[in-house]
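# Tertiary structure, described
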Amino acid sequence: MKAIRLDRFDGPDGLEVVTLPKPQPGAGEVLVRVRASGVNFFETLMLRDRYAVTPALPMVPGVEVAGEIEAVGVGVGFPGVGARVAVPLFAIGRGSGGYAEYITVDAASVVPLPDGLPFDTAVALMVQGLTAVHLVRQSQPKGKSVLVNAAAGGVGSLLAQLAKDAGARRVIAAASTPEKLRCARSLGADVGVDYSRADWPDHVIEASGGVGADVIYEMIGGTQTKASLAALAPGGEMIFGAMGRFALVPADMERMFQKNQSIRGFSLLPLLSQPDFRADLCHLFERAASGGLKLLPGSHYPLEQAAEAHSALENRRTIGKVVLKP
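Quick summary incoming for the structure in this document.

Definitions and cut-offs
Counting of residues starts from 1 at the beginning of each chain's written sequence and follows it residue by residue. Per-residue local features of the predicted model are confined to residues with pLDDT of at least 70, and side-chain atom pairs are confined, for both listing and counting, to 80 or more; whole-chain, interface and lining totals are unaffected and use all residues. Each side-chain value is derived from all of the structure's non-hydrogen atoms; neither hydrogens nor water enter the calculation. Helix and strand definitions here come from DSSP, where helices need a minimum of 4 consecutive H or I residues and strands a minimum of 2 consecutive E residues; each element is numbered from the N-terminal end. Here the term buried applies to any residue with accessible area under 20% of the maximum for its type, exposed to any over 50%, and partly exposed to those in between, with areas from a 1.4 Å probe on protein chains only. Any two residues whose heavy atoms approach within 4.5 Å are treated as being in contact. Per-residue and other accessible areas follow the Shrake-Rupley method at a 1.4 Å probe size, with only the shown protein chains counted as cover for residues. By the counting scheme adopted, Arg and Lys are positive, Glu and Asp are negative, and His together with the chain ends is not counted. Lys charges are placed at NZ, Arg charges at CZ, Asp charges at CG and Glu charges at CD. Aromatic contacts are taken between Phe, Tyr and Trp rings whose centres are within 6.5 Å, Trp giving its six-membered ring; a plane angle under 30 degrees counts as stacked, one over 60 as edge-to-face, and the others as tilted. Placement of a positive charge over a ring is assigned whenever Lys NZ or Arg CZ falls within 6 Å of the ring centre and within 35 degrees of the normal to the ring plane. Among the buried residues, those of types Ala, Val, Leu, Ile, Met, Phe, Trp, Tyr and Cys that are joined through side-chain atoms within 4.5 Å form a nonpolar core. Two strands pair if DSSP finds at least two bridges between them. Helix axes use the C-alpha atoms of the stretch in contact, all axes being lines fitted to C-alpha atoms, and the angles between their N-to-C directions lie in the range 0 to 180 degrees. By convention, orient the strands away from the viewer: a clockwise path from the first strand over the helix to the second makes the crossover right-handed. Expected helix span is given by 1.5 Å per residue-to-residue step, counting one fewer step than there are residues.

Of the regular secondary structure elements, the protein holds 10 helices and 15 strands. Seen through its C-alpha atoms, the protein measures out along the principal axes to roughly 60 × 40 × 35 Å. Of all 326 residues assigned to the protein, the portion counted as buried reaches 54%. If you take every contact in the protein between residues at least 6 apart in sequence, the share linking residues at least 24 apart comes to 70%. A total of about 13,300 Å² of accessible surface is found on the protein, and carbon and sulfur atoms cover 52% of it. Across the protein, the mean location of the 32 positive side-chain charges is 4 Å away from that of the 32 negative side-chain charges.

This part takes up the packing of aromatic side chains. For the structure shown, the criterion picks out 3 aromatic pairs. Between Phe-42 and Tyr-51, the ring centres sit 5.2 Å apart and the planes meet at 35 degrees, which makes this aromatic pair tilted. Here Phe-240 and Phe-246 contribute two aromatic rings whose centre-to-centre distance is 5.2 Å and whose plane-to-plane angle is 85 degrees, an arrangement assigned as edge-to-face. A cation over an aromatic ring shows up here: Arg-33 above the ring of Tyr-102, its NZ or CZ 5.3 Å from the ring centre. Over the aromatic face of Phe-119 sits the side chain of Arg-84, whose NZ or CZ is 4.7 Å from the ring centroid.

Moving on to the nonpolar core. Of all hydrophobic cores here, the largest spans 51 residues; its most connected members are Phe-90, Leu-113, Leu-130, Val-171, Tyr-217 and Phe-285. Elements represented by at least two residues in this core include exactly helix H1 (41-46), helix H2 (119-124), helix H3 (127-138), strand S8 (145-149), helix H4 (154-165), strand S9 (170-175), strand S11 (213-218) and helix H9 (274-290). Once you skip the residues sitting within four places of it in the chain, Leu-130 turns out to touch Phe-90, Leu-125, Leu-268, Leu-272, Phe-277, Asp-280, Leu-281 and Leu-284. Counting 22 residues, the second-largest nonpolar core is a separate cluster that includes Leu-15, Val-60, Ala-312 and Val-322.

The next point concerns the sheet that holds S11. Across the sheet, which stays open at both edges, the 6 strands sit in the order S10-S9-S8-S11-S12-S13 with parallel pairing between neighbours. Edge strands, defined here as strands with exactly one partner in the open sheet, are strand S10 (191-194) and strand S13 (262-265). Strand-to-strand twist in this sheet, taken as the mean axis angle between neighbours without regard to direction, amounts to 20 degrees.

This part takes up the environment of Met-1. Within the secondary structure layout, Met-1 lies in the segment before strand S1 (2-6). Along the backbone, Met-1 and Lys-22 are 21 residues apart, and their C-alpha atoms lie at a distance of 5.4 Å. Setting aside anything within four residues of it in sequence, one finds Met-1 in contact with Val-18, Thr-19, Leu-20, Pro-21, Lys-22, Pro-23, Ala-100, Glu-101 and Tyr-102.

Now for the environment of His-203. Examined against the element boundaries, His-203 turns out to sit in helix H6 (residues 200-207). Of the residues examined, His-203 reaches a relative accessible area of 28% and is grouped as partly exposed. Between the C-alpha atom of His-203 and that of Pro-275, which follows or precedes it by 72 residues, the distance is 42 Å.

Consecutive side chains along a regular strand alternate between the two faces of the sheet. Side-chain alternation along strand S14 (residues 299-302) places Ser-299 and Tyr-301 on a buried face and His-300 and Pro-302 on a face that remains uncovered. Sheet topology note: the S14/strand S15 (residues 322-325) ladder contains 4 bridges and is parallel. Within S15, the residue paired with Ser-299 across the bridge is Val-322. In this fold, S14 hands off to helix H10 (residues 306-314), which returns the chain to S15; that crossover is right-handed.

For the rest of this paragraph, the subject is the pairing of S9. Within S9, 5 of the 6 residues are buried, leaving the element largely enclosed by the surrounding structure. Sheet analysis places S8 next to S9, joined by 5 bridges and oriented parallel. Bridged to Ser-145 within S9 is Arg-170. Following the backbone out of S8, through H4 and into the adjacent parallel S9, one traces a crossover that is right-handed.

Its 12 residues place the ends of H3 16 Å apart at the C-alpha level, agreeing with the 16 Å of an ideal helix rising 1.5 Å per residue. Burial analysis of H3 places 10 of its 12 residues in the buried class, the great majority of the element. Three or more residues of H3 are buried, namely Val-127, Gln-128, Gly-129, Leu-130, Thr-131, Ala-132, Val-133, His-134, Leu-135 and Val-136.

Here it is, written out as structure tokens:
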């Protein structure tokens, strides 16, 4: 089978197309023919060894796939051959293996897909869907003015909708191009702010009635975090989930304390438990299948063009979810 392997920490150039033996399901396992593999921003950092965790090389990246069960191992009665399933590898303790034509997993780890839900949509709702769900749970937006950074990305586009559903008084979407801002507003954001402009925090303050955002969901990191602080209301809270990209210094924190502001760290994996994440995924899948949750079209690449997909994501040339199609 074809797969993508990371042999060296050299960004997208470290990815190679390789041929590996087709796996066979063991007892209690299923063989999934992968139809869509998700690409995530944290993986662009991992390819350069800039993420919080350094993987052992060589490795096949990929933490979320969707596809069809092609074969089952001894003792598997359900789901059967032909079932359409999602495989959230990241939630079952496996941080690799998804950039391939086939993968074997424990049968209890797969999540059934509703009829008619496309594989690429299912992939877009795994890492990013669960991230958006838990971000809203971490800081309830009801009655508040919230700022969603990277609002046209995989997480941001879902987060803007879920925050609105949870009763946010105003959702302010921040993105870097007019096209991305149009996409965010089409999903229900009340205001769009171009954060490629130096004065963008002033526009957030204006959009929030002159005080700043009560809650900022910040998943970008670096200089974006410090700029976001200027848009945070007195007494406001920033939820920070950009692992490996924290750039605030003690002076920044002192200014936060003076304004009674707070910052809360966010990491998805410790928040996941087996029954809860499956229920959350089923809920996201059903909402998307019924039209209650909108997804941006996203960017699709053949599996062999994984390096090009990573380059586009790394350089912020994408909208919505980036998906590999084996």
